[in-house]
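Letter by letter, the chains look like this.
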Amino acid sequence: MLEEPPMSPEAKEAYAEALRRIEACRKKGKRGTVLDLNNLGLTRVPGEIGQLSALTELHLDNNQLTSLPAEIGQLSALTLLYLHGNQLTSLPGEIGQLSALTGLFLHDNPALGLPAEVLGPTWLEASMDTPSAKPAAILDYYFSRQREGGQPLNEVKLLLVGRGEAGKTSVSRALRGEPFVQGHKETPGIEIQPWEAPCPEGKVRIHLWDFAGQEITHETHRFFLSQRSLYLVVLDGRGGQQMEEAEYWLSHVQRYGTTKGAGPEGADELSPVIVVLNKWQSPGPYDVEKRRLQREYPNIRAFVETDCGEKSFGIEKLRETIFAALKEMPAVRAEWPASYHRVRAALEELGKGPDAQQRKHFLTWQDYRAVCQRCGVTEEQRQANLAENLNALGIALYYGEDERLRDTRVLNPNWAANGLYGLLRGVHRRPHRGQPGRLWAGEFAKVLAEGMLGMNPERGAAIEDYPEEKDGVKVHEFLLSLMQDRELGFLAGEEAGHALYLLPGLLALDEPEPEAYDVAAHLEGAELRFRYLYELLPAGVMSRFIVRTHVLSDDYYRWQRGVVLGWGAARALLMVERRRNPRVDVFLRGGTAEERQELAGVVRSNMEEIHRGLPEGLRGREELNLNIPGEHYESVAKLEKLEAENQPLQIVTNDGARTEQVEPQLEQVQPAKARRKGAPKLKVFVSYSHGNYKAWNHLKTHLDVLKNERLVEWWFDGQIRAGTEWDDTIRRELEGADIVVLLLSNEFFASSYIKGVELKEAKRLLENERLEVLPVLLEATPAFAKHKWLSGLQAVPNVKGQLRALTSFTPRVNGWNEVQQALRATIADIASRR
């Protein structure tokens with residue numbers, strides 16, 4: 001064994017302090033669950049740390065560690081391990097024994113050679129409710145490379161973005177040495193073209209992603225814009241809108257291409273951008289403030305003037321600029337384990353070939369495992385870890401969040417991307433019965449074929465690559481499920497035996513006629529107003545909101561930039577303003593103050609979820625219109641801070657200065673008790689058959705009300721993220737639940753998984769007094785009586801001691817209100833016992 005080098009006096013002092021804290025934590029016994037050893041200047045971790053059997057969270061970040069002791073593997077209860085900001089050169093094999101670990105943060109340890117995509121979200125991003133990467137997958141990547149040796153990746157994704165007709169496809173062709181084509185048609189989806197670039201440091205395989213510029217496709221860009229890529233923002237000299245276009249696309253790139261806290265010393269890491277001033281020799285002057293843009297967007301590497309005509313002006317300079325940018329991106333030449341290279345090559349080979357019938361763009365889980373076996377990855381756990389990392393690296397996409405998608409591995413990102421684009425374009429061109437945004441499943445094949453017209457047939461962008469069914473996968477159903485999973489549309493009903501879907505992003509642009517719904521009267525009579533302000537309004541915020549809350553707008557009105565929701569006698573009108581002060585305005589009127597407060601809770605909960613999935617710089621800032629004469633908006637965050645400090649609000653109005661108490665203002669959108677420390681927040685697990693998805697959406701709106709009151713957080717299996725082994729996840733979430741809600745129906749009792757796992761686990765945990773179970777009777781079903789333990793519980797809706805199915809209520813919302821009241825009673829009962 002090598003003798004460890006002597007420690008400096010400062011390091012000895014840090015080591016002694018670490019020993020003191022370890023001993024103090026050990027004396028706490030079962031209460032010693034968190035240990036902070038960060039920012040001490042540690043060069044060595046005491047082996048005594050292995051004595052902390054109760055430890056669940058260990059902070060060793062921002063020290064000077066080059067290695068970890070083997071005793072780290074003895075921390076069997078550890079769930080979170082923070083090691084970012086050190087100088088680690090290796091990891092001990094014993095770290096793999098930490099089976100309870102759910103979060104492992106190894107960022108800013110460059111000598112470990114772990115790609116950011118594999119490391120996943122930083123500790124800072126994870127603290128904002130972004131799921132961290134799977135520790136087992138991170139460690140599998142690291143130890144696989146240790147065992148097998150690494151081979152340089154020599155690859156990068158180069159993303160071309162800009163408006164339609166800016167010449168992105170011509171730039172892509174010119175970079176690859178292909179001739180200029182006069183009058184080349186716009187890219188209707190995403191084209192991914194390989195380019196073997198002869199960089200000075202050696203060949204690099206560049207994947208050129210050429211994005212469609214049409215506005216209807218911008219909503220889906222967020223699925224494919226990614227971190228740690230090189231971006232080309234392509235402008236052109238026509239139209240006089242260069243600065244507006246530059247700021248629009250540079251803002252998107254900066255937000256989506258930023259890895260928070262991934263740089264040295266926790267700095268944000270920005271993806272590099274090259275601004276291409278295309279069609280430079282064409283008529284029309286450029287109006288671009290280069291120095292201002294570089295000041296506001298420091299990730300701009302250069303401005304390059306090009307013209308892709310016969311002489312390819314500026315293309316060689318653009319290539320040189322790209323090569324120089326790649327030289328500053330160490331991830332381009334990151335080393336992969338040999339097994340990763342083998343599996344990746346095998347997957348790519350399956351998707352190639354001139355015959356669409358032979359090409360495979362997707363695999364079932366079993367077929368994927370067979371590929372792994374042939375490539376020497378035989379252990380099932382390693383196959384799962386590999387799937388997680390291939391998904392993180394964007395090589396083989398895996399949509400595992402939704403039960404309808406989780407068993408399909410999508411090999412070709414272009415296939416998934418163009419399938420969604422084709423669907424959007426097809427509905428835009430051929431809406432059902434001429435009604436904008438309507439898709440009837442009975443016309444799916446014709447609609448998709450219409451949308452795929454003009455797409456490049458290479459790499460899965462021809463209609464032949466989207467048959468109704470292939471290799472045991474129902475392709476059309478998969479695309480429809482993917483559309484819903486990505487909140488691009490929802491199931492709106494049924495017509496002639498086929499499902500009818502609504503895609504809000506393709507609805508009519510204008511608001512309804514006054515005779516249908518008087519928007520002006522609603523604005524004039526609004527009793528509660530709040531809004532979300534944006535520097536740049538992300539595409540799809542309103543359409544995603546409509547998808548998430550559609551059960552409340554079924555009887556009202558929806559259009560591309562607005563929606564009306566109903567809750568009891570209250571109505572909410574939401575409208576997007578994109579041009580002047582980008583924002584989403586919310587106006588509530590009618591009903592009681594409590595109904596308006598509850599409806600505001602639905603709005604706020606869903607906007608919070610939408611914002612959570614956006615980069616931090618794209619999230620809206622919530623402001624509340626004060627309940628005083630005139631219009632005066634104040635930041636909700638500021639109001640909450642003043643309330644916590646027991647301070648009044650000082651404001652200046654047209655009538656002079658005045659002082660307002662904060663609590664009555666916030667009470668408009670959230671009960672005061674929800675903002676007090678110690679407010680109970682219980683976890684609700686929802687068990688339901690996916691045939692009852694509509695019922696789940698109804699329940700979700702009531703859970704959103706309770707969430708706004710900070711009474712609950714909820715979980716359902718649609719929240720399982722890509723790559724997660726869903727059976728383990730469901731069991732773990734059940735274990736951590738306080739309340740299990742069972743949506744009982746014939747389809748519920750017909751599900752073997754529900755009966756074999758979820759019901760059995762719920763019964764066991766109930767008998768052990770670990771949780772409460774609330775059965776909700778969706779429809780009359782004889783199977784309910786056969787489960788004696790279930791029928792012995794107090795099921796709902798229950799009116800005057802009589803159990804009634806939800807289908808018997810008119811309107812249906814009255815039944816769901818009974819469910820909400822039962823949930824409130826259960827929450828209060830649990831809180832009284834704690």
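Residues numbered from 1 in each chain as written. Predicted model: local features only at pLDDT ≥ 70, side-chain atom pairs only at ≥ 80, totals over all residues. Heavy atoms only, no water.

### Points about the overall build of the chain
- In terms of regular secondary structure, the chain is built from 28 helices and 35 strands.
- Within the chain, buried positions represent 56% of all 834 residues.
- Sequence-distant contacts in the chain: of pairs separated by 6 or more residues, those separated by 24 or more amount to 65%.
- Looking at the chain as shown, the accessible area adds up to about 36400 Å², and 47% of this sits on carbon and sulfur atoms. (Helix = DSSP H or I, 4+ residues; strand = E, 2+ residues; numbered from the N terminus. Buried < 20%, exposed > 50% of the residue type's maximum accessible area, 1.4 Å probe, protein only. Contact = heavy atoms within 4.5 Å. Areas by Shrake-Rupley, 256 points an atom, 1.4 Å probe, with all protein chains shown as cover.)

### Overview of the pattern of salt bridges
- This model, assessed by the stated rule, comprises 47 salt bridges.
- Its salt-bridge partner being E247, residue R292 comes within 2.5 Å of it at the nearest N-O pair. On the criterion of sequence distance, the pair formed by R292 in helix α8 (residues 290-296) and E247 in helix α7 (residues 242-256) is long-range, its members being 45 residues apart.
- Salt-bridge contacts for R548 lead to E487; the nearest nitrogen and oxygen are separated by 2.8 Å. Separated by 61 residues along the polypeptide, R548 in helix α17 (residues 541-548) and E487 in the loop between α15 (475-485) and β19 (490-495) bring together distant segments of the chain.
- Using a relative accessible area of 14% as the deciding quantity, one classes E487 as buried.
- Connected through shared salt-bridge partners, E155, R205, R344 and E348 make up one network. (Salt bridge = Lys/Arg side-chain N within 4 Å of Asp/Glu carboxyl O.)

### A few points about the packing of aromatic side chains
- Overall, the coordinates contain 14 aromatic pairs when judged by the stated rule.
- Measuring from ring centre to ring centre gives 6.1 Å for W195 and F323, while their planes differ by 35°; the resulting arrangement is tilted. You can see W195 sitting in strand β7 (residues 190-199) and its partner F323 sitting in helix α9 (residues 315-327), a full 128 residues away along the chain.
- By relative accessible area, F323 is classed as buried at 12%.
- Here the aromatic rings of Y688 and W696 are separated by 5.9 Å at their centres, their planes lie at 15°, and the arrangement is stacked. Comparing Y688 with W696 shows no difference in burial state: the two are buried.
- Among the aromatic side chains, those forming a connected cluster through ring pairs are F362, W415, Y466 and F478.
- Lying across the ring of Y633, R531 places its NZ or CZ 3.8 Å from the centre.
- For the cation-ring pair, R804 lies above F809, with the distance from its terminal atom to the ring centre recorded as 4.1 Å. (Phe/Tyr/Trp six-rings, centres within 6.5 Å; stacked < 30°, edge-to-face > 60°. Lys NZ or Arg CZ within 6 Å of the ring centre and 35° of its normal.)

### A look at the sheet that holds β19
- Across the sheet, which stays open at both edges, the three strands sit in the order β18-β20-β19 with antiparallel pairing between neighbours. Only two strands of the sheet have a single partner each, and these edge strands are β18 (438-440) and β19. Within the sheet, the average angular offset between the axes of one strand and its neighbour, ignoring direction, is 30°.
- Bridge count between β18 and strand β20 (residues 498-502): three bridges; the pairing is antiparallel. Following the sheet pairing, L439 is matched in β20 by Y501. (Pairing = 2+ DSSP bridges. Axes fitted to C-alpha atoms, helices over the stretch in contact; angles between N-to-C directions.)

### With respect to α9
- With 13 residues, α9 extends 19 Å between its outermost C-alpha atoms, agreeing within 8% with the 18 Å of an ideal straight helix rising 1.5 Å per residue.
- Regarding α9, the residues found buried are I315, L318, R319, T321, I322, F323, A325 and L326. (Expected span 1.5 Å × (residues − 1).)

### A word on helix α25 (residues 752-767)
- When the terminal C-alpha atoms of α25 are compared, their 22 Å separation across 16 residues agrees well with the 22 Å that a helix rising 1.5 Å per residue should span.
- By the largest-angle criterion, E758 marks the main kink of α25, which is about 25°.
- Listing the buried residues of α25 in full gives Y753, I754, V757, E758, L759, E761, A762 and L765.
- Immediately downstream of α25, the backbone of E769 shows phi near 60°, a positive value. (Bend = angle between axes of the 7 residues up to and from the residue.)

### Topic: the sheet that holds strand β1 (residues 34-36)
- An order of β1-β2-β3-β4 is seen for the four strands of this open sheet, with the pairing classed as parallel. The strands lining the two open edges of the sheet, one partner per strand, are β1 and β4 (103-105). Taken pair by pair, the neighbouring strands of this sheet meet at an average axis angle of 0°, ignoring direction.

### Description of the packing of helix α13 (residues 413-429) against α15
- α15 packs onto α13 with a crossing angle of 80° between their chain directions and a minimal axis gap of 10 Å. Classified by the angle between their axes, α13 and α15 sit roughly perpendicular to one another. Contact with α13, carried on its side by W415, A416, G419, L420 and L423, involves V475, F478, L479, L482 and M483 of α15 and no other residues of that element.
- Considered class by class, the residues forming the contact of α13 with α15 number nine nonpolar, one polar and no charged. (Parallel < 35°, antiparallel > 145°, perpendicular 65-115°, else oblique. Nonpolar A, V, L, I, M, F, W, Y, C, P; charged D, E, K, R; others polar.)

### Notes on the side chain of K707
- Within the fold, K707 resides in helix α22 (residues 693-708).
- Polar contacts involving the side chain of K707 include one to the side chain of E609, which spans 2.5 Å.
- Not counting residues within four places of it along the chain, the set of residues in contact with K707 comprises S605, E608, E609, R612, V712 and W714. (Polar contact = N/O pair within 3.5 Å; in protein donor to acceptor, adjacent residues only side chain to side chain.)

### A short note on a negative patch on the surface
- Together, D510, E511, E513, E515 and D518 give the surface a local cluster of negative charge.
- Mapped onto the elements of the fold, E513 is located in the loop between β20 and α16 (519-525). (Patch = residues over 30% accessible without salt bridge, like charges linked within 9 Å, V, L, I, M, F, W, Y side chains within 5 Å. Lys, Arg positive; Asp, Glu negative; His and termini not counted. Charge placed at Lys NZ, Arg CZ, Asp CG, Glu CD.)

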